[in-house]
Amino acid sequence: MPADAAHTVRLTCHSDTPGGALRSVGARVRAVSGGALAVTYVFEGDLDRLRVPAPRIPRIANRLWQHTCCEIFIARKGLPEYHEFNLSPSGEWAAYAFRRYRDAAPLADESTARELDPRIAVRRAAGKLELDAMISLDRLSPVLQGLQLSLALSAVVESQDGLLSYWALRHPPGKPDFHHADAFALELDQAQAAAQSSSPSPSR
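These numbers come from a predicted model, not from an experiment.

Asker: Explain the packing of aromatic side chains to me, and be specific about the residues and the numbers.
Answerer: Scanning the entire structure with this criterion turns up six aromatic pairs. Summarising the aromatic geometry, the rings of Y82 and F98 are spaced 4.4 Å apart at their centres and angled 5° between planes, so their arrangement reads as stacked. Here Y82, found in strand β5 (residues 82-87), pairs with F98, found in strand β6 (residues 93-100); they are 16 residues apart in sequence, far enough to count as distant. The exposure classification of Y82 matches that of F98, with both residues buried. With a centroid separation of 6.1 Å and an interplanar angle of 20°, the aromatic rings of F85 and W93 are classed as stacked. In terms of burial, F85 and W93 fall into one category: buried. Through a chain of ring-to-ring contacts, the aromatic side chains of F73, Y82, F98 and F184 assemble into a single cluster.

Next comes the structure, spelled out in structure tokens:
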């Protein structure tokens, strides 16, 4: 895969919240053929000091952000509508559609769960936890069928004492707010990236 087919970014901890157990939180995102986004979150640090939800049967669940959870917000560049996915290390997830800033309605129910299931996979090693997910854009909304996407990548991390830290690609001024327009800091040309990721590597 060409080096520029994937975007690798580092999330920063909000200055008002504790994040001392982690050395870093990163993410990788790329468009893949078939109208989907592949996203990976990488947590590095003293994982024993964190509360990480235990594996469960994959299902839709609410309020996942009250515990350790990865989040991705997806918008078509220049439009007020956006979508949110919550991705828990437990395998649980949720999806929402927004007409504008924080004007939301649940996007998935039991009848659409199979189509939107992000297929969360978690890998854990010494000092590192990785979460993979696949977001099917063509199942979300026709609004996302343009070339240019604006993405906000973020995570909520719960420590063993129950305190939450908030990590994002970009934080707006003031309190943590993953929905703020400033948070949509990554632009992705999904058509170009998907074409790159499906092209054969050049011979050497």
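Asker: Please provide a residue-by-residue account of the nonpolar core, values included.
Answerer: Counting residues in hydrophobic clusters, the biggest one holds 40 residues, and the most contacted among them are L37, Y41, F43, I72, I74, L87 and L153. Apart from the residues within four sequence positions on either side, L87 is in contact with V39, Y41, C69, C70, I72, E92, P118, I120, L131 and A133. Among the nonpolar cores identified, the runner-up in size contains 12 residues, and F73, A94, A168 and A183 belong to it.

Asker: Please provide a residue-by-residue account of the pairing of β5, values included.
Answerer: In terms of burial, β5 is largely enclosed, as six of its six residues are buried. By the alternation rule, side chains of β5 split into Y82, E84 and N86 and H83, F85 and L87, which are all buried. Sheet analysis places strand β4 (residues 69-76) next to β5, joined by six bridges and oriented antiparallel. Bridge pairing in β5 places C70 opposite L87. Direction of pairing for β5 relative to β6: antiparallel, over a ladder of six bridges. Along β6, the bridge assignment pairs Y82 with F98. Between β5 and β6, which pair antiparallel one after the other, the connecting turn spans five residues, and G91 there sits at a positive phi close to 100°.

Asker: For the pattern of salt bridges, give the residues involved together with the corresponding values.
Answerer: Throughout the structure, instances matching the rule amount to 10 salt bridges. Across the pair R99 and D103 runs a salt bridge, and its minimum N-O distance is 3.1 Å. By relative accessible area, R99 is classed as partly exposed at 47%. In this structure, R123 and D132 form a salt bridge, with 2.2 Å as the shortest nitrogen-oxygen distance. Here R123 falls in the partly exposed class, since its relative accessible area comes to 37%. A single salt-bridge network, built from bridges that share partners, covers R56, R59 and E92.

Asker: Give me the confidence of the model for the chain: which residues, what numbers.
Answerer: When the pLDDT values of the chain are averaged, the result is 88; 86% of them are 70 or greater. Predicted confidence for residues 199-204 stays below pLDDT 50, and this span has one contact to residues more than four positions away or in other chains.

Asker: So what's going on with the environment of I74? Residues and values would help.
Answerer: Relative to the helices and strands, I74 is located in strand β4. C-alpha separation for the pair I74 and L149, spaced 75 residues apart in sequence, amounts to 6.9 Å. Those residues in contact with I74 that lie beyond four places of it in its chain are L37, Y82, H83, I135, L137, L140, L144, L149, S150, L151 and F184.

Thresholds applied
- Residues numbered from 1 in each chain as written.
- Predicted model: local features only at pLDDT ≥ 70, side-chain atom pairs only at ≥ 80, totals over all residues.
- Heavy atoms only, no water.
- Phe/Tyr/Trp six-rings, centres within 6.5 Å; stacked < 30°, edge-to-face > 60°.
- Helix = DSSP H or I, 4+ residues; strand = E, 2+ residues; numbered from the N terminus.
- Buried < 20%, exposed > 50% of the residue type's maximum accessible area, 1.4 Å probe, protein only.
- Core = buried A, V, L, I, M, F, W, Y, C linked by side-chain atoms within 4.5 Å.
- Contact = heavy atoms within 4.5 Å.
- Pairing = 2+ DSSP bridges.
- Salt bridge = Lys/Arg side-chain N within 4 Å of Asp/Glu carboxyl O.
- pLDDT = per-residue confidence, 0-100.

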